[in-house]
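# Coordinate inspection notes
Residue strings, one per chain:
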Amino acid sequence: MSLVSMTGFAEAHGAHEDMRWRWEAKSVNGKGLDLRLRMPPGFDGIEQAARRLAAERFRRGNIQASLNMEPQVGARALRIDPAALAAAVKIAQEVAAETGLAPARVDGLLALKGVVVQDETVALDEPERAARDAAILESLAAAFDALAHARRTEGSKLAAALDAHMSEIDKLTNDAARAASTQPAALHDRLTVQLRELLSGGSIPEERLAQEVALLAVKADVREEIDRLHAHVHEARALMKSGEPIGRKLDFLAQEFNREANTLCSKASDIALTRIGLALKHAIDQFREQALNIE
């Protein structure tokens with residue numbers, strides 16, 4: 001079975017001339033594909049290309065990719081961008097005048113994005129910037145490839161867990177079928193005892209008793225639910241062998257499993273079948289919990 005998890009972690013290192021960096025990429029469950037990039041100022045130009053790289057490799061998951069620039073000996077110092085600082089000061093003064101609040105502090109202004117920059121980032125001309133960005137994207141692609149591998153590795157572990165849960169659901173469904181086959185006789189015996197108690201030991205026409213038992217047996221018939229549970233087990237195993245992104249389908253199938261288990265419990269006329277139904281619901285919940293991790 002080739003399943004892919006939505007959880008994983010990976011990193012990749014890159015370099016260009018005297019620059020060094022590290023990408024960290026991690027992924028958790030998500031309804032769709034959501035990529036969040038964390039990068040220092042001056043690297044916004046690679047965002048669109050980074051999203052394409054993610055879309056080429058992943059279908060679902062909340063993915064966070066962080067670019068960490070490593071300090072180098074002899075690297076150029078930080079400097080203030082005068083235009084950005086002037087604009088920030090002007091806005092702060094206007095806000096203070098309109099609201100009456102205290103003016104912004106220097107440390108707050110310097111923390112604004114774009115106010116403090118690296119000389120090397122500002123000094124790069126277009127060809128140099130393009131070469132740097134290409135190298136950064138190449139290392140990001142390597143990080144995404146490693147993340148995809150980590151997700152596949154985790155998926156193989158989930159496949160074993162899902163298969164074990166499915167075997168348990170299949171076993172409990174068979175147990176329910178055997179328990180259900182004894183319900184008509186149990187209903188006959190129980191109804192006979194109850195009617196005799198009500199009639200103070202009087203005789204009961206067998207034909208009348210058979211009619212009452214037949215009505216109760218129809219209401220307690222769970223063969224349709226058993227058949228659908230078997231069909232869902234077959235469908236789940238076929239999906240897990242398909243090698244396709246099946247997380248959404250497994251989640252929907254788990255809901256269908258639960259619906260049938262609820263109906264089975266509501267129709268159960270003896271404690272044995274009720275216990276099997278409750279165990280079935282527990283196994284289905286475990287299956288769904290694992291399925292939520294699948295891409």
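Higher on the page you've got the structure.
A short tour of the structure in this document, coming up. No experiment lies behind these values; they were computed from the predicted model shown.

## Remarks on the pairing of strand 3 (residues 33-38)
In the sheet, strand 3 pairs with strand 4 (residues 61-70) via six bridges, with the strands oriented parallel. When the bridges of strand 4 are listed, Leu-35 appears paired with Ile-63. Note that the unit made of strand 3, helix 1 (residues 47-57) and strand 4 has a crossover that is left-handed.

## Overview of the packing of helix 5 (residues 126-181) against helix 10 (residues 271-291)
Two elements in contact, helix 5 and helix 10, have axes whose closest approach is 9 Å; the angle formed by their N-to-C orientations is 160°. Between helix 5 and helix 10, the angle falls in the class roughly antiparallel. Regarding helix 5 and helix 10, the two cross each other, and that crossing is left-handed. Contacts between helix 5 and helix 10 involve Leu-158, Leu-162, His-165, Met-166, Glu-168, Ile-169, Leu-172, Thr-173, Asp-175, Ala-176, Ala-179 and Ala-180 from the former and Leu-273, Ile-276, Ala-279, Leu-280, Ala-283, Ile-284, Gln-286, Phe-287, Gln-290 and Ala-291 from the latter. Looking at side-chain class alone, the contact of helix 5 with helix 10 contains 16 nonpolar, four polar and two charged residues.

## Observations regarding the nonpolar core
Leu-162, Met-166, Ile-169, Leu-250, Phe-257, Leu-273 and Phe-287 are the most contacted members of the largest nonpolar core, which totals 33 residues. For this core, the elements supplying multiple residues, two or more each, are helix 5, helix 8 (223-240), helix 9 (247-267) and helix 10. Examining the composition of this core, we find that nine residues originate from one element, helix 5, more than from any other.

## Quick notes on helix 2 (residues 82-99)
Here helix 2 spans 26 Å end to end across 18 residues, near enough to the 26 Å set by a 1.5 Å rise per residue. Taken as a whole, helix 2 has its buried residues at Ala-88, Ala-92 and Ala-96. Axial view of helix 2: buried residues confined to an arc of 70°, hence all on one face. The exposed residues of helix 2 that point more than 90 degrees off its buried face are Pro-82, Ala-83, Lys-90, Ile-91, Gln-93, Ala-97 and Glu-98. In the core, the buried residues of helix 2 are packed alongside helix 3 (106-110).

## What to know about unusual backbone geometry
With phi around 55°, Glu-17 is a residue other than glycine that occupies positive phi space. With respect to the secondary-structure elements, Glu-17 resides in the loop between strand 1 (8-16) and strand 2 (19-28).

## Comments concerning the sheet that holds strand 2
Ordered in space as 1-2-4-3, the four strands form an open sheet in which the pairing is mixed. The strands lining the two open edges of the sheet, one partner per strand, are strand 1 and strand 3. Within the sheet, the average angular offset between the axes of one strand and its neighbour, ignoring direction, is 15°. Each of strand 1, strand 2, strand 3 and strand 4 is contacted by helix 5, which is oriented at about 155° to strand 1, the strand it contacts most.

## Digging into the packing of helix 8 against helix 9
Following both chains from N to C, one finds helix 8 and helix 9 inclined at 160°, their axes separated by 10 Å at the closest point. Considering the angle they form, helix 8 stands roughly antiparallel to helix 9. The handedness of the crossing between helix 8 and helix 9 is left-handed. Facing Glu-225, Ile-226, Arg-228, Leu-229, His-232, Val-233, Glu-235, Ala-236 and Leu-239 of helix 8, the residues of helix 9 in contact are Lys-249, Leu-250, Leu-253, Glu-256, Phe-257, Glu-260, Thr-263, Leu-264 and Lys-267.

## Overview of the side chain of His-16
Structurally, His-16 is set in strand 1. Given a relative accessible area of 18%, His-16 falls into the buried group. Here His-16 is in contact with Trp-21, Glu-128, Ala-131, Arg-132 and Ala-135, once residues within four sequence places are set aside.

## Points about the pairing of strand 1
Covered by surrounding structure in strand 1 are Gly-8, Ala-10, Ala-12, Gly-14 and His-16 only, the residues Phe-9, Glu-11, His-13 and Ala-15 on the alternate face being uncovered. Here strand 1 runs beside strand 2; their pairing, made up of nine bridges, is antiparallel. Counted as the bridge partner of His-13 is Arg-22 from strand 2. Between strand 1 and strand 2, which pair antiparallel one after the other, the connecting turn spans two residues, and Glu-17 there sits at a positive phi close to 55°.

## Section: the pattern of salt bridges
Applying the stated criterion to the full structure yields 17 salt bridges. Between Glu-56 and Arg-57 there is a salt bridge, with its nearest N and O atoms 3.5 Å apart. Classification of Glu-56 by relative accessible area gives exposed; the value is 60%. A salt bridge links Arg-228 to Glu-225; the shortest N-O distance between them is 3.8 Å. Remark: Glu-225 and Arg-228 occur in helix 8; sequence separation between them is three residues, near one turn of the helix. The partly exposed category is assigned to Arg-228, whose relative accessible area is 31%. Put simply, Glu-224, Glu-225, Arg-228, Glu-260 and Lys-267 are held in one network by salt bridges that share partners.

Calculation rules
Note that residues are indexed from 1 along each chain, following the sequence as it is written. Only residues with pLDDT of at least 70 get local features here, since the model is predicted, and only at 80 or more are side-chain atom pairs given and counted; chain-wide, interface and lining totals rely on the full set of residues. Working from all heavy atoms in the structure, the side-chain values ignore hydrogens and water. Note on pairing: DSSP must find at least two bridges between two strands before they are called paired. Numbering of helices and strands runs from the N terminus, with a helix taken as a DSSP run of H or I at least four residues long and a strand as a DSSP run of E at least two residues long. Classification remark: right-handed applies to a crossover when, strands pointing away from the viewer, the course from the first strand over the helix to the second runs clockwise. Axis definition: a line fitted to C-alpha atoms, limited for helices to the stretch in contact. Angles are taken between N-to-C directions and run from 0 to 180 degrees. In this scheme, roughly parallel covers angles under 35 degrees and roughly antiparallel covers those over 145, while 65 to 115 is roughly perpendicular and the rest are oblique. Each crossing gets its handedness from the near helix: less than a right angle anticlockwise from the far helix is left-handed, clockwise is right-handed. Any two residues whose heavy atoms approach within 4.5 Å are treated as being in contact. When residues are grouped by polarity, Ala, Val, Leu, Ile, Met, Phe, Trp, Tyr, Cys and Pro land in nonpolar, Asp, Glu, Lys and Arg in charged, and all others, Gly among them, in polar. For this analysis, a nonpolar core means a set of buried residues of the types Ala, Val, Leu, Ile, Met, Phe, Trp, Tyr and Cys, connected via side-chain atoms within 4.5 Å. A 1.4 Å probe rolled over the protein chains alone gives each residue an accessible area, and that area as a share of the maximum for its type sets the label: buried under 20%, exposed over 50%, partly exposed in between. By definition here, a helix of n residues has an expected span of 1.5 Å times n minus one. Note that the arc is computed from the directions linking the helix axis to the C-beta atoms. Criterion for a salt bridge: a side-chain nitrogen of Lys or Arg within 4 Å of a carboxyl oxygen of Asp or Glu.

None of this, on its own, says anything about what the molecule does.
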